[in-house]
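# Remarks on the overall topology
The residues making up each chain are set out below.
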Amino acid sequence: MLQRNEIANEFENCSKLKKIVIPSSINSIGPFAFKCCSFLEQIIIPSSLTSIGKGAFRNCSSLKKIFIPSTVTSIDDYTFNYCSKLKKIWMPDSLTSIGKFSFEGCSSLVEIKIPSFVAFIGEFAFRQCTSLKQISIPSSVNVIEKGAFYGCKNLQQVSNFSTITLFADYLFSSCNLLKKITISDSVTSIGNFSFEKCFNIKEIIIPQSVTLIGDNAFNECTSLSQISIPSSVTSIGKCAFKNCQSLKEISIPSSVKTIGNYSFYQCIHHWYKYQF
């Protein structure tokens, strides 16, 4: 029996461990505590737990579900990284941040509910969650770092996004089934590669708050047929609309001072309207 209040890395690489019950005397799971416990299917966490360290369950490829108690306030970097069979996770309302790469490669995760007090989602947090179909972003979230949903190829619906000011680089890159997303009027910049290879997006409305469209922002959005660039935009990055082969019309306002190389390359059906 464990005799102290923290689990360090005593169980790392215990490849035959299938189940563990953590006693109530434990209030902390240390970094990489259960890393590469590849046969671990079930873990019971007590309500006494207050912290889970970086990479604690990384590569626990047999873990199917986990309940995080309300005493935990953050999910650290790499915590559930490549838990490829994880289908269900219960995250408490006490949660305020989700660290970088925390759910990367959780390829069995179909749906996730982000608690209403989360303010921060780290870079590549849900990268390659290839079964994820929908996600709701609460209004408490004000920072989503680059690539958070990169490669979520079955993601079809994203709700809210009302308080984000920056669509970070690679944010929805390679979300092949994403059909529509609303960019709120709090957004000022659309980052590089933000929507690259979103093959099913047909229409996108850019609000008047946006001043910058980054490099490759909509590259290979092959179904995009309509887009309106507002008069607030001053810069369109290189390859921004490259290979948007369904784009038929685009109006570029006089506010735009710079247009990068190959911005509309291979937009074979389009015509431009410049406003001077």
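Description of the structure in this document.

What counts and how
Residues numbered from 1 in each chain as written. Predicted model: local features only at pLDDT ≥ 70, side-chain atom pairs only at ≥ 80, totals over all residues. Heavy atoms only, no water. Pairing = 2+ DSSP bridges. Helix = DSSP H or I, 4+ residues; strand = E, 2+ residues; numbered from the N terminus. Buried < 20%, exposed > 50% of the residue type's maximum accessible area, 1.4 Å probe, protein only. Disulfide = S-S within 2.5 Å. Salt bridge = Lys/Arg side-chain N within 4 Å of Asp/Glu carboxyl O. Contact = heavy atoms within 4.5 Å.

This part is about the sheet that holds strand β1 (residues 6-7). Across the sheet, 3 strands lie side by side as β1-β3-β5; this open sheet has parallel pairing. Either end of the sheet is taken by a strand with one partner, and the two such strands are β1 and β5 (51-52).

Attention now moves to the environment of Ile 137. When you line up the elements, Ile 137 lands in strand β12 (residues 134-137). Among the residues examined, Ile 137 registers a relative accessible area of 1% and is labelled buried. For the pair Ile 137 and Phe 39, spaced 98 residues apart in the sequence, the C-alpha separation amounts to 32 Å.

Moving on to the state of the cysteines. Under the definition given, this model contains 0 disulfides. Cysteine Cys 37 remains unbridged, with the sulfur of Cys 60 as its closest cysteine sulfur at 5.1 Å. For Cys 37, a relative accessible area of 0% corresponds to the buried category. Cysteine Cys 239 is unpaired, with the sulfur of Cys 267 as its nearest cysteine sulfur at 10 Å. Accessibility expressed as a relative area gives 12% for Cys 239, which makes it buried.

With the rule as written, the count across this model stands at 1 salt bridge. Here Glu 104 makes a salt bridge to Arg 127, at a shortest N to O gap of 3.4 Å. Taken together, the residues Glu 104 in the loop between β9 (97-98) and β10 (111-113) and Arg 127 in the loop between β11 (120-121) and β12 connect sequence positions 23 residues apart. On the basis of relative accessibility, which here comes to 26%, the residue Arg 127 falls in the partly exposed class.

Further remarks concern the environment of Lys 64. Considering the arrangement of structural elements, one finds Lys 64 in the loop between β5 and β6 (65-67). Overall, the relative accessible area of 48% leaves Lys 64 in the partly exposed class. In sequence terms Lys 64 and Gln 208 are 144 residues apart; their C-alpha atoms lie 44 Å from each other. When sequence neighbours within four positions are dropped, the list of residues in contact with Lys 64 reads Glu 41, Lys 85, Leu 86, Lys 87 and Lys 88.

Turning our attention to the sheet that holds β9. Reading across the sheet, the 4 strands line up as β7-β9-β11-β13 and stay open at both edges, with parallel pairing between neighbours. Looking at strand neighbours, the two that pair on one side only are β7 (74-75) and β13 (143-144), the edges of this open sheet. Sheet analysis places β9 next to β11, joined by 2 bridges and oriented parallel. Bridge pairing in β11 places Ile 98 opposite Ile 121.

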